[in-house]
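Next come the chains, spelled out residue by residue.
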Amino acid sequence: MPSSLLIKNARCVSSSAIVQQDVLIENGKISELGDIAEKRAEEVIDASNLYLLPGALDPQVHFRDPGLTWKEDLHTGSMAAAAGGVTSFFDMPNTKPSITTIATMTQKKEMAAEKCVVNYNFFIGATEDNLDELNGVENVCGIKIFMGSSTGDLLVSDPKALDHIFGNGSRLIAVHAEDDEIINAAKVQYKRSIDFNDHQFVRPPEAALKATTLAVDLSIKHQRRLHILHLTTRDEVRFLEQQKGKGPISVEVCPQHFLLSGPFIYEKIGAYAQMNPPIRDMVHGKALWEALQNGTIDCIATDHAPHTHEEKAKPFGSAPSGMPGVETSLPLMLDRANRGLCKLEDVVKWMCEKPVELYKVRNKGQIKPGFDADLVLVDMGQKKTIENGKLFTKVNWSPYDGWNTQGWPVRTIVGGETVFLDGEVDESVRGVEIQID
Ligand code: DOR
């Protein structure tokens, strides 16, 4: 591996500008920008027709390691990330065992160092009685609270228990905000349904709004750093427009919640469209897209949550919730930029800069001297079809199967090393643990 790499004539994208220049990478860091002589580097890339973006950070994935590795593992999940231009990820704790202790977190980080081709960090999962672990664990991206139950058995729904966690400690809390009581009541009502479109009614907008309201109230009360994961409703958008500024609160959305909608997607792909919180009708998707553009929503994540074909073949009520996404989120957003629905600068803001800023990640998300050389070269002219069977995620399906999109990563660089090039992943590259300030 060369320890210096020169990218010539790339159009470097930040949230505020696109500047064509050369980028010199030395020993894993960006060392210089400008007009740089070719002889300065061991390897030179001509990027005249390409855009250079800071590598994306996906702040919510489920790579299923340990214990659920027939669905995904840290190696395959991180390969899917690399192919999608995602150079860093934050992974969720609902594995087997769940990651709720310092000891299991240490083991997970050791495993990640062996398996990950991109950079990583992890959430520690909250239970009703692991406060010392939540506050004692070092260098994690945050605490994850499932306020409503989903895949796995992590759940803290009691308001008193939640108040105790919010009131004791200072680390970022990320919430899956759905109210468990409302969901359980709706489940009884839809017990006999065989229609996957009913998933959105089993987990209705009121469940999301009630839990989001509680989390926001607790954040404001304790001035505790809160990140609301995967927002899904217009109701929550309206509520957050009023309340978000009263506390240290940030909000995320997944592309599937504004790109896909019921009932169409459930008619088309059934169980494969099932996730929590659910894909809803278009009125919500439209509000989410507007909220992303006006800043009520800060950033994009995927909630990449693979389940196998066999698992998804189960009937409504038994099929698991979750869909892959880490490999397709950047291409889907590049396609939107190509179609004039947003700017490339916005994509960089939502997928590269904001997640880094919100989670206080050290030294990433900018193409600037001194920053880590986590980068993605993008061909905005390249057209491809997203296809089941041609993906890096272990389950090898996508809810976007058959979608033709324009604008694709052609080379992904992690710590100065090329991990993805023209459709191939170099499985020997290793990412490192992301440092959180
Ligand atoms: O749909 C989902 N799947 N939502 C979650 O909150 C968890 C995830 C999973 O782990 O399968």
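Residues numbered from 1 in each chain as written. Predicted model: local features only at pLDDT ≥ 70, side-chain atom pairs only at ≥ 80, totals over all residues. Heavy atoms only, no water.

Q: Can you help me understand the overall build of the protein chain in this one?
A: Counting secondary structure elements, the protein chain contains 14 helices and 17 strands. A globule of 437 residues ought to have a C-alpha radius of gyration of about 22 Å, and the protein chain, at 21 Å, matches this closely. Along the longest, intermediate and shortest principal axes, the C-alpha atoms of the protein chain span 70 × 45 × 40 Å. In the protein chain, the share of contacts with a sequence separation of at least 24, taken over all contacts with a separation of at least 6, comes to 74%. Total accessible area on the protein chain is roughly 16,400 Å²; 48% of this is exposed by carbon and sulfur atoms. With 46 positive and 60 negative side-chain charges, the protein chain shows a spacing of 3 Å between the two charge centroids. (Helix = DSSP H or I, 4+ residues; strand = E, 2+ residues; numbered from the N terminus. Rg over C-alpha atoms; globule rule 2.2 N^0.38 Å. Contact = heavy atoms within 4.5 Å. Areas by Shrake-Rupley, 256 points an atom, 1.4 Å probe, with all protein chains shown as cover. Lys, Arg positive; Asp, Glu negative; His and termini not counted. Charge placed at Lys NZ, Arg CZ, Asp CG, Glu CD.)

Q: Honestly, empty space enclosed by the protein in this entry has me stumped. Any pointers?
A: The method is simple in principle: a probe with the dimensions of a water molecule rolls over the atoms, and the space it marks as empty is what remains. This structure, assessed with the given rule, holds 6 cavities of 30 Å³ or more. Taken as a whole, the largest cavity holds about 100 Å³ of empty space. Lining the largest cavity are 16 residues, with His62, Ser150, Asn276, Asp303 and Ala305 sitting closest to its centre. Its residues assigned to classes, the lining of the largest cavity comprises 2 nonpolar, 11 polar and 3 charged. (1 Å grid on protein atoms, 1.4 Å probe; cavity = no way out; pocket = protein on both sides within 12 Å on 5 of 7 lines; lining within 4 Å. Points joined across faces, edges and corners; volume = space filled by probe spheres on them. Nonpolar A, V, L, I, M, F, W, Y, C, P; charged D, E, K, R; others polar.)

Q: Can you walk me through the site of the ligand in this structure?
A: Taken together, 14 residues form the shell around the ligand, and within it Arg64, Asn94, Thr151, Asn276 and Ser321 come nearest. Within the contact set of the ligand, an oxygen atom lies 3.3 Å away from a backbone nitrogen or oxygen of glycine 322. At a threshold of 2 Å from the grid points, most atoms of the ligand map onto the largest cavity. Within the shell around the ligand, the residues separate by chemical class into 3 nonpolar, 9 polar and 2 charged. (Near = heavy atom within 4 Å. Polar contact = N/O pair within 3.5 Å; in protein donor to acceptor, adjacent residues only side chain to side chain. Sits in = over half its atoms within 2 Å of the grid points.)

Q: Please explain the pairing of strand E6 (residues 56–61) as it appears in this structure.
A: As a general feature of sheets, a regular strand has side chains that alternate between the two faces. Burial of E6 is extensive: 6 of the 6 residues sit out of reach of the surface. What joins E6 to strand E7 (residues 86–91) is helix H1 (residues 74–83), and the crossover it makes is right-handed. (Buried < 20%, exposed > 50% of the residue type's maximum accessible area, 1.4 Å probe, protein only. Right-handed = clockwise from strand over helix to strand, strands pointing away.)

Q: Explanation requested: the layout of surface pockets in the structure shown.
A: One number sums up the size of the largest pocket: a volume of about 600 Å³. Together, 29 residues line the largest pocket, and Ser150, Ser318, Ala319, Pro320 and Ser321 are the ones closest to its centre. In terms of residue class, the lining of the largest pocket is built from 7 nonpolar, 15 polar and 7 charged. The space that makes up the second largest pocket amounts to roughly 250 Å³. What lines the second largest pocket is a set of 14 residues, and nearest its centre among them are Glu327, Lys384, Lys390, Leu391 and Trp408. Along the lines of polarity and charge, the residues of the lining of the second largest pocket split into 7 nonpolar, 3 polar and 4 charged.

Take it as geometry only, folks, not as evidence of what the structure does.
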